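Coordinate inspection notes
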Amino acid sequence: SKCYKVYRIVRVDDKKILTYSKKGGEKMCQIVTELLQDCSTQNEFIFSLRCAECGSVWKSKPVRFSRADVIPPTEGKRVIFDTLYKREKAAALEMAAQKAGEVFSQCPICHRLVCDRCFLICEELDMCVSCANHLKEHGSPVMQGEQPA
């Protein structure tokens, strides 16, 4: 089981972002689902999040709706399909938020969510590129190159 300890709750764009520290020191940022943009269709669920620094857009892996392309034969089945759609979409949203937390970090100074190309590992305090430049700090990006899908 995963054991996380909350060490900070902040607000970004009037939404709470919970930042966690995992046992063993590995950091993770749990993205509140309301921050994700819904790009879903009737057949698949997709969500995105934009880096506040470089503007790059991360998209979740598409999750196909289990009843995609099936036309409900009755009004009763339509109600069932609608309920299944909502349930599956909620589950896909939670998975997307978890994955986004693996490729985005929250700057402890400006509190913006930035992709791992724009988040630097610095000597004393990890931070986004903008804050590092402003404070004349140096560091290495968490990740080089393209963001994973």
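Right, let's walk through the structure included here. Predicted model only: the values in this text are computed from it and were never measured. (Residues numbered from 1 in each chain as written. Predicted model: local features only at pLDDT ≥ 70, side-chain atom pairs only at ≥ 80, totals over all residues. Heavy atoms only, no water.)

1. Let's talk about the sheet that holds strand β4 (residues 37–38)
Quick note on the threshold: Between any two strands, pairing holds if DSSP finds at least two bridges. Per the convention used, a helix needs a DSSP run of H or I reaching at least four residues, while a strand needs a run of E reaching at least two, with both numbered from the N terminus. Contacts between residues were defined by any pair of non-hydrogen atoms, one from each residue, lying within 4.5 Å. Only C-alpha atoms enter the line fits that serve as axes; for helices the fit covers just the stretch in contact. Angles between N-to-C directions range over 0 to 180 degrees.
Reading across the sheet, the three strands line up as β4-β6-β7 and stay open at both edges, with antiparallel pairing between neighbours. Either end of the sheet is taken by a strand with one partner, and the two such strands are β4 and β7 (57–59). The pairing of β4 with strand β6 (residues 47–50) spans two bridges and is classified as antiparallel. Bridged to Gln 37 within β6 is Ser 48. Helix α1 (residues 75–103) contacts β4, β6 and β7 of the sheet and is inclined by roughly 30 degrees relative to β6.

2. Considering the sheet that holds strand β13 (residues 139–141)
Pairing in this open sheet of three strands is antiparallel, and the strands run β12-β11-β13 from one edge to the other. The open sheet has two free edges, formed respectively by β12 (127–128) and β13, since each of these has just one partner strand. When strand β11 (residues 119–122) meets β13, the two strands line up antiparallel, connected through three bridges. Each residue of the ladder has a partner; that of Cys 122, found in β13, is Gly 139.

3. Re unusual backbone geometry
Phi at His 111 is positive, roughly 65 degrees, even though this residue is not glycine. As for its placement among the helices and strands, His 111 is situated in the loop between β9 (104–106) and β10 (113–115). The phi dihedral of Lys 136 is positive, around 55 degrees, even though this residue is not glycine. Tracing the backbone shows Lys 136 in the loop between α2 (129–134) and β13.

4. Focus on the packing of aromatic side chains
The line we're drawing: Aromatic contacts are taken between Phe, Tyr and Trp rings whose centres are within 6.5 Å, Trp giving its six-membered ring; a plane angle under 30 degrees counts as stacked, one over 60 as edge-to-face, and the others as tilted. Throughout, exposure labels follow a simple rule: accessible area from a 1.4 Å probe, protein chains only, divided by the maximum for the residue type, with under 20% read as buried, over 50% as exposed, and the rest as partly exposed.
For the structure on display, the rule yields three aromatic pairs. A ring pair is formed by Phe 45 and Phe 65, whose centres lie 6.1 Å apart and whose planes are at 65 degrees; its orientation type is edge-to-face. Placement of Phe 45 in strand β5 (residues 44–45) and of Phe 65 in the loop between β8 (63–64) and α1 is noted, with a sequence separation of 20 residues between them. For Phe 45, a relative accessible area of 0% translates into the label buried.

5. Notes on the nonpolar core
Rule in force here: For the purposes of this section, nonpolar cores are sets of buried Ala, Val, Leu, Ile, Met, Phe, Trp, Tyr and Cys residues that join through side-chain atoms within 4.5 Å.
Membership of the largest hydrophobic core comes to 31 residues, with the highest contact counts inside it found for Ile 31, Leu 36, Phe 47, Leu 49, Trp 58 and Phe 104. If you list the elements that add at least two residues to this core, you get β6, α1, β10, β11, β12 and α2. No other element matches α1, which puts eight residues into this core. Apart from residues no more than four positions distant in its own chain, Leu 49 is found in contact with Ile 31, Leu 35, Leu 36, Ser 56, Val 57, Trp 58, Ala 100, Phe 104 and Leu 113.

6. Overview of the pairing of β6
In the sheet, β6 pairs with β7 via three bridges, with the strands oriented antiparallel. Within the sheet, the bridge partner assigned to Leu 49 lies in β7 and is Trp 58. Count of turn residues in the β6/β7 antiparallel hairpin: six residues, of which Gly 55 carries a positive phi of about 85 degrees.

7. Some words on the environment of Gln 37
Here Gln 37 shows up in strand β4. Linking Gln 37 and Leu 49, residues twelve residues apart in sequence, is a C-alpha distance of 6.2 Å. Contacts of Gln 37, omitting those with residues within four sequence positions, involve Ile 46, Phe 47 and Ser 48.

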